[in-house]
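# Tertiary structure, described
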Amino acid sequence: MNEVLSGGHTSTVLCVDVKKDGSNIASGGEGGQICLWSTSGTLIHKYVNLNTDCGSICFSKEKENMLYSSFDDKICVFDLKNFSEPVETFNVNQDEVNQIVLDEKEKFLAACDDSGEIKILDIQEKRLYKTLRHKHTNICSSVCFRPRKPWEIITGGLDSKLIHWDFSRPKCLNQFNMQEMQNGNSDAEAYMVNPPFIHNLASSSDGHYLACALENGLVSLFDTSRKNIRELFSLHAHSQGTSQVHFVSDSCLVSGGNDCCVVLWDLEKSNDEEAALNVNDSNGAGPLTNGHTHPQEQRNENVSSACKVLEIQHSSKVNWMKPFEKNGVRKLAVADQTSNITILSLQ
């Protein structure tokens, strides 16, 4: 049976995070509500910032009692020991913040917003460090720091652009237009209905993979193990837009979508599929297609079939997810269109 955390929020839950040790869950939602839970389902604290929405939330991994959150265009920092008021508030974004993330050393916090800008805060010195702008032409929906590259950050937006930055200079190092990359492999009519807007990004902790959740239902994977990022393949993940991607481990990925499905992927199995395809190529056979399918599309289908481990039919569209481990069992906290948080087992 799935566990359900209820009785805290009175409207839709928009975001969720789980403490590093798995002891607490924090959720943010419409009406400016933040709820702090034990993983057994007990509501510990509730904070309400009226006439706003809490769109993003994340626990500190370094400071046991610190919680970061965004309310519209403001970033608020809470001490879990005293949840009545934020201990710090930053007013640096010009528009609604879509995601906040911390770098590995927790010196910097990045906040991307509806204006397409990314604000980098130095949270140790409590000041704005840099602003990344003039590259996204639409909403910047997601941001992640690049593991093991302390000055690099990757952003994605509803302009279908994936942008790789050096935020210390600040400078755009590279950018990928998902429309150009995927348009050649897709049916034109279907493409217009479901363009490859980027909703969410996730990086594996070893820095090998970057995953992009796309509006067209795909999860696009990139190799980030070298200096220059390169595209690997796309997983046929969801029948509607993919809203969330998170790494459970360095080679295990979970995706959630507007089709109410949660899918677990083993990316190591893509190597087996790649090897099989290379054998076909070396034999002169080439990738097996039906004569109509684009070879890249066929390859993506084959890799998707090889990598899919588990599919869970959820009851609602996925807004946010966070994998965690409890008593040696892999679990997933899911925020959806309801006022509850659901805990799924990924075993």
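Reading the values: the criteria
- Residues numbered from 1 in each chain as written.
- Predicted model: local features only at pLDDT ≥ 70, side-chain atom pairs only at ≥ 80, totals over all residues.
- Heavy atoms only, no water.
- Pairing = 2+ DSSP bridges.
- Helix = DSSP H or I, 4+ residues; strand = E, 2+ residues; numbered from the N terminus.
- Axes fitted to C-alpha atoms, helices over the stretch in contact; angles between N-to-C directions.
- Salt bridge = Lys/Arg side-chain N within 4 Å of Asp/Glu carboxyl O.
- Buried < 20%, exposed > 50% of the residue type's maximum accessible area, 1.4 Å probe, protein only.
- Contact = heavy atoms within 4.5 Å.
- Core = buried A, V, L, I, M, F, W, Y, C linked by side-chain atoms within 4.5 Å.

## Considerations on the sheet that holds strand β12 (residues 118-122)
Taken together, four strands build an open sheet; the order of strands is β10-β11-β12-β13 and the sheet is antiparallel. Strands with a single pairing partner mark the edges of an open sheet, and in this sheet they are β10 (97-102) and β13 (127-132). Strand-to-strand twist of the sheet, defined as the mean angle between neighbouring strand axes without regard to direction, takes the value 20°. Bridge count for strand β11 (residues 108-113) against β12 is five bridges, and the pairing is antiparallel. Residue pairing for β12: Ala111 is matched across the bridge by Lys119.

## Things to note about the pattern of salt bridges
Under the defined criterion, the tally for this structure stands at twelve salt bridges. The closest approach of N and O atoms between Asp73 and Lys74, which form a salt bridge, is 3.8 Å. Using a relative accessible area of 26% as the deciding quantity, one classes Asp73 as partly exposed. Ionic pairing is found between Glu152 and Arg146, a salt bridge with its closest N-O pair at 2.7 Å. The buried category is assigned to Arg146, whose relative accessible area is 3%. Look at the salt bridges and you will find they share partners, linking Glu117, Lys119 and Arg133 into a network.

## What to know about unusual backbone geometry
Cis geometry is found at the peptide bond from Arg169 to Pro170, where omega equals -25°. Within the fold, Pro170 resides in the loop between β16 (161-166) and β17 (171-177). For Asn51, which is not glycine, the phi dihedral falls at a positive 65°. By secondary structure assignment, the location of Asn51 is in the loop between β5 (43-48) and β6 (54-59). For His134, which is not glycine, the phi torsion reads 70° and is therefore positive. Mapped onto the elements of the fold, His134 is located in the loop between β13 and β14 (140-145).

## Some remarks on the environment of Val262
Within the secondary structure, Val262 is located in strand β24 (residues 261-266). When its relative accessible area of 2% is taken as the criterion, Val262 is described as buried. Val262 sits 20 residues away from Thr242 along the chain, and the two C-alpha atoms are 9.6 Å apart. Setting aside anything within four residues of it in sequence, one finds Val262 in contact with Val254, Ser255, Gly256, Leu310, Glu311, Ile312, Val318, Met321, Leu332 and Leu344.

## Observations concerning the pairing of strand β26 (residues 318-326)
As paired elements, β26 and strand β27 (residues 329-336) share eight bridges and run antiparallel to each other. Note that in β27 the partner of Met321 across the bridge is Val334. Counted between consecutive antiparallel strands, the loop separating β26 from β27 contains two residues, among which Asn327 sits at a positive phi close to 55°.

## Details of the nonpolar core
Across soluble globular proteins, nonpolar side chains have a tendency to be buried as a group. Membership of the largest hydrophobic core comes to 27 residues, with the highest contact counts inside it found for Ile34, Leu67, Phe78, Phe83 and Ile341. What Leu67 contacts, discounting residues up to four positions off in sequence, is Ala26, Ile34, Ile57, Cys58, Phe59, Cys76, Val77, Phe78, Leu80 and Phe83. Core analysis: the second largest hydrophobic core is formed by 18 residues, Ala202, Tyr209, Ala213 and Leu267 among them.

## Some details on the sheet that holds strand β3 (residues 24-29)
One open sheet holds the four strands; their spatial order is β2-β3-β4-β5, and the pairing between them is antiparallel. On the outer flanks of this sheet lie β2 (13-18) and β5, each paired with one strand and no other. Each strand axis lies, on average, 15° off the axis of its neighbour in the sheet, ignoring direction. Sheet topology places β2 next to β3; five bridges connect them, and they run antiparallel. Pairing of Val16 across the sheet is with Ser27, part of β3.

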